[in-house]
Amino acid sequence: MSEVRRSRRLFEHAQTLFPGGVNSPVRAFGSVGGTPRVLVRGEGPRVYDADGNSYIDYVASWGPLILGHSHPSVVRAIERAAADGTSFGAPNPHEIELAELIREAMPSLELLRFVSSGTEACMSAIRLARAYTGREMVLKFAGCYHGHADAMLVQAGSGGLTFGVPSSAGVPAALAALTIVAPYNDAKAVERAFREHDGKIACVIVEPIAANMGLVLPERGFLQHVVDIAHRNDALVIFDEVITGFRIAHGGAQNVYGITPDLTCLGKIIGAGMPAGAFGGRADIMRRLAPSGDVYQAGTLSGNPVAMAAGAAQLRELRAPGVYDRLEALGSALQEGLQRVIADLRTQLCVYRVGSIFGLFFTKEHVHDLATVLQSDAKAYAQFFHALLERGVALAPSAYEVGFISTAHSTADIQDTVDAVRAALSSRGAVTTAS
Ligand SMILES: *Cc1c(COP(=O)(O)O)cnc(C)c1O
């Protein structure tokens, strides 16, 4: 058992200050149990906790840190920008540079706007879609996460497609009823929703690769089908690429799948670990935003120069040739290594992966939507998570999150991880799921 005394003491103090001791729920280890590690430092592929333990990190701040922790270019950009002023509330050159880098990679963002989080990006894109179409309903997919704005904290009602019910207290039922929830990878359900709510659906919002219920890949043709149905019904398509943007390819999922959404939401990587998000898309839609149009949207810290400089430094690094090939090679080495261990130990663990994102499910089912995700064994994951943490490997503290590889991970880190997984799965009490 590694020492966690300082983490425990700090976390106890935090619990007197923050509900559950945290400023974002999953950090509290609620679903895996145990003491959250209070992290004091990150460098390259590793994080260090308050007790001096180090971990090979696959959380990567939940995705933003594609270059690893404290990448020198990012740190330098932050230092320089901060020395010139932390915020102006006025146009600044860093936001122009970052916007150019984004548009160069994702030309579908003809115009964009910066915000401070993925939540804001999705919330604002939905408001814009509602205004542009003059319709009020939105369609999302079960298990996709689009931030915590009211309209998106909705799950499928017992009536299936017909209405959404709040998935959080405090979300008005009347508002949730405007959100329709369909199963991921189910284009027929989308078809049905548009038939049932003819002329009322403003937009479909989708994670083109679902990475907030573990990793669920879109089946062949699903995304194009969704786009076709939406467009046939004069509704807009919003790709939520807060995770996939600059993660699975420079141009995001839209580039990989060759699909042009009307609007795109970004976050995470574009801020390099600083608070930043963006939404953008067709110029005729975006021009509806204030001050050029009638849709209000604003932010005191939007386009924050320090965050913009950090993001620009990271995106410039990602432009270098071979970066995504390297991430793919690391991802593939991890996947192959894990699959060898799984085969040797005959563990019912499935590894899903695209590029540098991976998802692990203790299940024998093929995972293709939230229902199949929920059939996986979350208790087995919790055990596995702790067995790995003990061995110096930090996965996300939830069975329904993904792992992220960074360019800072070495092939030795990957091998160490595979070895740790072998030891964890072999260890007493760990994870040989029933049947
Ligand atoms: C993280 C995430 C969000 C929300 O971003 P925040 O910056 O946490 O508000 C939205 N959509 C997706 C797909 C995400 O992964």
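Residues numbered from 1 in each chain as written. Predicted model: local features only at pLDDT ≥ 70, side-chain atom pairs only at ≥ 80, totals over all residues. Heavy atoms only, no water.

## Some remarks on the overall build of the protein
Threshold: Strands here are runs of E lasting at least two residues and helices are runs of H or I lasting at least four, both read from the DSSP assignment and numbered beginning at the N terminus. Throughout this description, buried means an accessible area under 20% of the type-specific maximum (1.4 Å probe, protein chains only), exposed means over 50%, and partly exposed covers the range between. By definition, residues are in contact when any of their heavy atoms lie within 4.5 Å. Where accessible areas are quoted, they stem from the Shrake-Rupley method and a 1.4 Å probe; at the residue level, only the protein chains shown are allowed to cover. Counting rule applied: Lys, Arg positive; Asp, Glu negative; His and chain ends not counted. Charge positions come from single atoms, namely NZ of Lys, CZ of Arg, CG of Asp or CD of Glu.
Looking only at helices and strands, one finds 14 helices and 16 strands in the protein. In the protein, which comprises 435 residues, the proportion classed as buried is 56%. Excluding contacts between residues fewer than 6 apart, the proportion of contacts in the protein whose partners are at least 24 apart in sequence is 72%. Accessible area for the protein stands at about 18200 Å²; split by element, carbon and sulfur atoms hold 53% of it. With 38 positive and 42 negative side-chain charges, the protein shows a separation of 3 Å between the mean positions of the two kinds.

## Topic: the domain arrangement of the protein
It is common to report an interface's size as the accessible area lost on association of the parts. Counted only if it meets this: Where a domain begins and ends is set by an automatic assignment or by a domain database. Accessible area that two parts lose when put together, evaluated with a 1.4 Å probe and summed over both, is termed the buried area. Throughout this description, the term salt bridge denotes a Lys or Arg side-chain nitrogen within 4 Å of a carboxyl oxygen of Asp or Glu. Contacts described as polar in this section are N or O atom pairs within 3.5 Å, which, within protein, must combine one atom able to donate a hydrogen with one able to accept it, while residues neighboring in sequence count only if both atoms come from side chains.
The domain boundaries assigned to the protein delineate domain 1 (5-70 + 321-427) and domain 2 (72-318). Counting from both sides, the interface comprises 28 residues of domain 1 and, opposite them, 30 residues of domain 2. Between domain 1 and domain 2 lies a buried interface of about 2400 Å² when both sides are counted; carbon and sulfur atoms form 67% of it. Looking at the side of domain 1 facing domain 2, the largest losses of area belong to Pro-64, Leu-67 and Tyr-324, adding up to 24% of the total buried there. Linking domain 1 to domain 2 there are zero salt bridges. Our count for the contact surface shared by domain 1 and domain 2 stands at seven residue pairs in polar contact (both at pLDDT 80 or more). For the side of domain 1 that touches domain 2, the secondary structure elements donating two or more residues are α11 (323-345), β13 (349-354), β14 (357-362) and α12 (370-374). Counting residues per element, the side of domain 1 that touches domain 2 draws most heavily on β14, at four residues.

## Things to note about the sheet that holds β14
Basically, it comes down to this: Strands are treated as partners if at least two bridges between them are detected by DSSP. To obtain each axis, a line is fitted to C-alpha atoms, and for helices this fit is confined to the stretch in contact; angles are then taken between N-to-C directions over 0 to 180 degrees.
Strand order in the open sheet made by the three strands is β13-β14-β16, with antiparallel pairing throughout. The open sheet terminates on both sides in strands that have one partner only, identified here as β13 and β16 (403-404). Summarising the sheet, β13 and β14 pair through six bridges and their orientation is antiparallel. Opposite Val-351, over in β14, you have Leu-360 as the bridge partner. Together, β13 and β14 form the strand contacts of α11, whose direction differs from that of β13 by roughly 170°. Against the sheet, helix α13 (residues 378-390) engages β13 and β14, with an angle of about 120° to β14.

## Description of the side chain of Thr-417
Counting through the fold element by element, Thr-417 comes out in helix α14 (residues 411-426). Polar side-chain contacts of Thr-417 include one of 2.6 Å to the side chain of Tyr-58. If near-sequence neighbours (up to four positions away) are discounted, Thr-417 is found in contact with Ile-56, Tyr-58, Leu-334 and Val-393.

## Some thoughts on the site of the ligand
This is how the line gets drawn: We call a residue near a molecule or strand when any one of its heavy atoms sits within 4 Å of it. Gly counts as polar in this scheme, as do all residues outside two lists: the nonpolar Ala, Val, Leu, Ile, Met, Phe, Trp, Tyr, Cys and Pro, and the charged Asp, Glu, Lys and Arg.
All residues adjacent to the ligand are Ser-117, Gly-118, Thr-119, Tyr-145, His-146, Gly-147, Glu-207, Asn-212, Asp-240, Val-242, Ile-243 and Lys-268. Between Gly-118 and the ligand, the recorded distance is 2.9 Å, taken from a backbone N or O atom to an oxygen atom. Separating an oxygen atom of the ligand from a side-chain N or O atom of Lys-268 is a distance of 2.6 Å. A total of 380 Å² of accessible area belongs to the ligand in isolation, and the protein chains cover 83% of it. Residue composition of the shell around the ligand, by class: three nonpolar, six polar and three charged.

## Some points on the sheet that holds strand β11 (residues 263-266)
With respect to topology, seven strands assemble into an open sheet ordered β4-β12-β11-β10-β9-β5-β8, the strand pairing being mixed. Unpaired on one side and paired on the other, β4 (111-115) and β8 (179-182) mark the two borders of the sheet. Strand-to-strand twist in this sheet, taken as the mean axis angle between neighbours without regard to direction, amounts to 20°. Bridging between strand β10 (residues 236-240) and β11 involves three bridges; their strand directions are parallel. Looking at β11, one finds that Asp-240 is bridged to Cys-265. The strands touched by helix α7 (residues 222-232) within the sheet are β5 (137-141), β9 (201-206) and β10, with β10 carrying the most contacts at an inclination of about 145°.

## Overview of the pairing of β8
Covered by surrounding structure in β8 are Thr-179 and Val-181 together with Ile-180 and Ala-182, the residues of both alternating faces. Pairing of β5 with β8 involves four bridges; the strand directions are parallel. What sits directly across from Val-138, in β8, is Thr-179.

## Topic: the packing of helix α2 (residues 72-83) against helix α10 (residues 305-318)
Worth spelling out the cut-off: Should an angle lie under 35 degrees it is considered roughly parallel, over 145 roughly antiparallel, and from 65 to 115 roughly perpendicular; all remaining angles are considered oblique. By convention the crossing between two helices is left-handed if the near helix lies anticlockwise of the far one by an angle smaller than a right angle, and right-handed if it lies clockwise.
Packing of α2 against α10 brings their axes to within 8 Å, and their N-to-C directions diverge by 150°. In terms of orientation, α2 and α10 fall into the roughly antiparallel class. Two packed elements cross with a definite hand, and for α2 against α10 that hand is right-handed. Contacts from Ser-73, Val-74, Ala-77, Ile-78, Ala-81 and Ala-82 of α2 reach α10 at Pro-305, Val-306, Ala-309, Ala-310, Ala-313, Gln-314 and Glu-317. For the contact of α2 with α10, the per-class residue count stands at 10 nonpolar, two polar and one charged.

## Some remarks on the nonpolar core
The following threshold applies: We call a set of buried Ala, Val, Leu, Ile, Met, Phe, Trp, Tyr and Cys residues a nonpolar core when their side-chain atoms join them within 4.5 Å.
Core analysis: the largest hydrophobic core is formed by 45 residues, its most contacted members being Leu-139, Phe-141 and Tyr-184. Of all the secondary-structure elements, those providing two or more residues to this core are β5, β8, α6 (187-196), β9, α7, β10, β13 and β14. When residues of this core are assigned to their parent elements, the largest contribution, six residues, is made by α7. For this core, the two domains that each supply at least three residues are domain 1 (5-70 + 321-427) and domain 2 (72-318). Those residues in contact with Phe-141 that lie beyond four places of it in its chain are Val-181, Ala-182, Pro-183, Tyr-184, Val-190, Val-204, Ile-205, Val-206, Phe-222 and Val-226. If you look at the next biggest cluster of nonpolar residues, it comprises 35 residues, including Val-47, Phe-384, Val-393 and Ile-405.

## A look at the packing of aromatic side chains
Rules: Centres within 6.5 Å make a pair out of two Phe, Tyr or Trp rings, where for Trp the six-membered ring is used; the pair is then stacked when the planes are under 30 degrees apart, edge-to-face when over 60, and tilted otherwise.
Inspection of every chain in the model, using the stated rule, returns eight aromatic pairs. With a centroid separation of 5.4 Å and 75° between ring planes, the pair formed by Phe-141 and Phe-222 is classed as edge-to-face. Of this pair, Phe-141 sits in strand β5 while Phe-222 sits in helix α7, and the two are 81 residues apart along the sequence. Like Phe-141, the residue Phe-222 is buried in the burial classification. A connected cluster of aromatic rings, assembled from ring pairs, spans Phe-141, Tyr-184 and Phe-222.

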